[in-house]
Amino acid sequence: QVQLVESGGGLVQAGGSLRLSCAASGSLLVINPVAWYRQAPGKQRELVAQITTTGITNYSDSVKGRFTISRGNAKNSVYLQMNSLKPEDTAVYYCKIIIRTSDYWGQGTQVTVSS
């Protein structure tokens, strides 16, 4: 069984910050690559950030310099620190683990950025 749980979403004013969390059992978030995606209403789900099993990170151009993906010290959580938020960041944010050829998704957490 694979269960991912996102948390930390909410309403924030433009320029503010939020820290999203993705939690899973055991070492799933350590031995597998993890990614954050987001999907705004009526839009395609897009990749935001990802972290490899060795800690190498990659970001979409739209969030570079503002978002940071990281693993927690406990190794059973992955975070997405979001700074300098913009209204266009408004979306449902999902974490995903790739295990072999299969994708496993969390339920998503809503992020709303107001002007």
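Look a little higher up for the structure.
Turning next to the sheet that holds strand β3 (residues 18-23). Remark on secondary structure: sheet strands pair via backbone hydrogen bonds, oriented parallel or antiparallel. With antiparallel pairing, the four strands of this open sheet are ordered in space as β1-β3-β8-β7. Only two strands of the sheet have a single partner each, and these edge strands are β1 (5-7) and β7 (67-71). With strand direction ignored, the average angle separating the axes of adjacent strands in the sheet is 15°. Examined bridge by bridge, β7 and strand β8 (residues 77-82) share five bridges and lie antiparallel to one another. Each bridged residue has a counterpart across the sheet, and for F67 the counterpart in β8 is M82.

In this section: the pattern of salt bridges. For the coordinates displayed, the defined rule picks out five salt bridges. Across the pair R38 and D89 runs a salt bridge, and its minimum N-O distance is 2.9 Å. Note that R38 is positioned in strand β4 (residues 34-39) and D89 in the loop between β8 and β9 (91-99), a separation of 51 residues in sequence. Between R66 and D89 there is a salt bridge, and its shortest N-O distance comes to 2.7 Å. Here the residue R66 occupies a position in the loop between β6 (57-59) and β7, and D89 occupies one in the loop between β8 and β9, the gap between them amounting to 23 residues. Pair check on accessibility: R66 and D89 agree, each one buried. Residues participating in the shared-partner salt-bridge network are R38, E46, R66 and D89.

Time to look at the pairing of β3. For β1 and β3, the ladder comprises three bridges, and the chain directions are antiparallel. Across the sheet, the residue bridging to V5 is A23, located in β3. Both β3 and β8 contribute to a ladder of six bridges, which runs antiparallel. Bridging from a neighbouring strand, L18 pairs with M82 of β8.

Before going further, it helps to spend a moment on the packing of aromatic side chains. Evaluated as defined, the whole model comprises two aromatic pairs. Aromatic pair Y94 and W105: ring centres 6.2 Å apart, planes at 90°, arrangement edge-to-face. With Y94 in strand β9 and W105 in strand β10 (residues 102-105), the pair connects residues that are 11 residues apart, well separated along the chain. Every member of this aromatic cluster is reached through a ring pair, and the members are Y37, Y94 and W105. When the ring centre of W105 is taken as reference, the NZ or CZ atom of R45 above it lies at 4.6 Å.

What follows concerns unusual backbone geometry. Phi is positive for S84, close to 50°, though the residue is something other than glycine. Secondary-structure assignment places S84 in the loop between β8 and β9. Take S84: its relative accessible area is 41%, and that puts it in the partly exposed class. Phi angles above zero are rare outside glycine, and R100 is one such case at about 60°. Mapped onto the elements, R100 comes out in the loop between β9 and β10.

What counts, and at which threshold
- Residues numbered from 1 in each chain as written.
- Predicted model: local features only at pLDDT ≥ 70, side-chain atom pairs only at ≥ 80, totals over all residues.
- Heavy atoms only, no water.
- Pairing = 2+ DSSP bridges.
- Helix = DSSP H or I, 4+ residues; strand = E, 2+ residues; numbered from the N terminus.
- Axes fitted to C-alpha atoms, helices over the stretch in contact; angles between N-to-C directions.
- Salt bridge = Lys/Arg side-chain N within 4 Å of Asp/Glu carboxyl O.
- Buried < 20%, exposed > 50% of the residue type's maximum accessible area, 1.4 Å probe, protein only.
- Phe/Tyr/Trp six-rings, centres within 6.5 Å; stacked < 30°, edge-to-face > 60°.
- Lys NZ or Arg CZ within 6 Å of the ring centre and 35° of its normal.

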